[in-house]
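Architecture at a glance
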Amino acid sequence: QVQLVESGGGLVQAGGSLRLSCALSGRTFSNYAMGWFRQAPGKEREFVAAISISGSTTTYAESMKGRFTISRDNAKNTVYLQMDSLEPEDTAVYYCAARSYGTSYYVRDYQYWGQGTQVTVSS
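A brief report on the enclosed structure follows.

About the cut-offs
- All residue numbers refer to positions counted from 1 along the written sequence of the respective chain.
- For this predicted model, a pLDDT threshold of at least 70 governs which residues receive local features, and a threshold of 80 or more governs which side-chain atom pairs are given and counted, while totals over whole chains, interfaces and linings are taken from all residues.
- Processing note: side-chain calculations cover all non-hydrogen atoms of the structure and skip hydrogens and water entirely.
- In DSSP terms, a helix is any run of H or I states spanning at least four residues, a strand is any run of E spanning at least two, and both are numbered starting from the N terminus.
- Based on C-alpha atoms, the radius of gyration is set beside the globule rule, defined as 2.2 Å times the residue count to the power 0.38.
- Under the scheme applied here, a residue whose accessible area is under 20% of the maximum for its type counts as buried, over 50% as exposed, and between as partly exposed, the area being computed with a 1.4 Å probe on protein chains only.
- In what follows, residue pairs with any heavy atoms lying within 4.5 Å of each other are defined as contacts.
- Using a 1.4 Å probe, accessible areas were evaluated by the Shrake-Rupley method; residue-level cover was limited to the displayed protein chains.
- Residues scored as positive are Lys and Arg, those scored as negative are Asp and Glu, and His as well as the terminal groups of each chain are ignored.
- Charge positions come from single atoms, namely NZ of Lys, CZ of Arg, CG of Asp or CD of Glu.
- Cysteine sulfur atoms are paired as a disulfide whenever they fall within 2.5 Å.
- For two strands to be treated as a pair, DSSP must find at least two bridges joining them.
- Only the stretch in contact is used when fitting a helix axis, every axis being a line fitted to C-alpha atoms; angles between N-to-C directions are given from 0 to 180 degrees.

With respect to the overall build of the protein
- Broken down by element type, the protein carries zero helices and 11 strands.
- Along the chain direction, N to C, the helices and strands of the protein fall in the order β-β-β-β-β-β-β-β-β-β-β.
- Radius of gyration (C-alpha) of the protein: 13 Å, near the 14 Å computed for a compact globule of 123 residues.
- Reported as C-alpha extents along the three principal axes, the dimensions of the protein are approximately 40 × 25 × 25 Å.
- Out of the 123 residues belonging to the protein, those deemed buried represent 41%.
- Long-range pairs, those at least 24 residues apart, make up 57% of the contacts in the protein with a sequence separation of at least 6.
- As displayed, the protein has an accessible area near 6,400 Å², and 46% of this comes from carbon and sulfur atoms.
- Charge separation in the protein, taken as the distance between the mean sites of 11 positive and 10 negative side-chain charges, equals 6 Å.

Here it is as structure tokens:
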């Protein structure tokens, strides 16, 4: 019943920026902690960032090196991922996910997933 739809992916040059959006429908958005993950061909799905229900707490993977920012707007039922200083190594399908309990680093802990949006960074 919960649906997540990502948008905002695309093709950018190295050093550029993108902002991904993920809209939740079917349930009350403010009841869910949210996360972003990514998956490149031949690799496992990787944690990127997570945000608490209130938005007051955010967590990032060490490999993101401060370049990404997660935020949420509960009034719009939407979570965002601002990506700056993009590198070719950031090329992947990016997924948003929802969890009805606390924030988590792990794929297995999330109950709902979007379809993913492709991010391609060229050199």
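Once the structure has been displayed, the description carries forward.
Observations concerning the state of the cysteines
- All chains considered together, the criterion is met by one disulfide.
- The residue that forms a disulfide with Cys22 is Cys96, at a sulfur-sulfur distance of 1.8 Å. The sign of the S-S torsion, about 45°, decides the handedness of the disulfide formed by Cys22 and Cys96: right-handed. With Cys22 in strand S3 (residues 18–25) and Cys96 in strand S9 (residues 92–99), this pair connects stretches of sequence that are 74 residues apart. No difference in accessibility class separates Cys22 from Cys96, as the two residues are buried.

As for the sheet that holds strand S1 (residues 3–7)
- Overall, antiparallel pairing links the four strands, which are arranged S1-S3-S8-S7 in an open sheet. Both outer strands of the open sheet, S1 and strand S7 (68–73), are each paired with one neighbouring strand and no more. Across the sheet, the axes of successive neighbouring strands diverge by a mean angle of 15°, strand direction being ignored.

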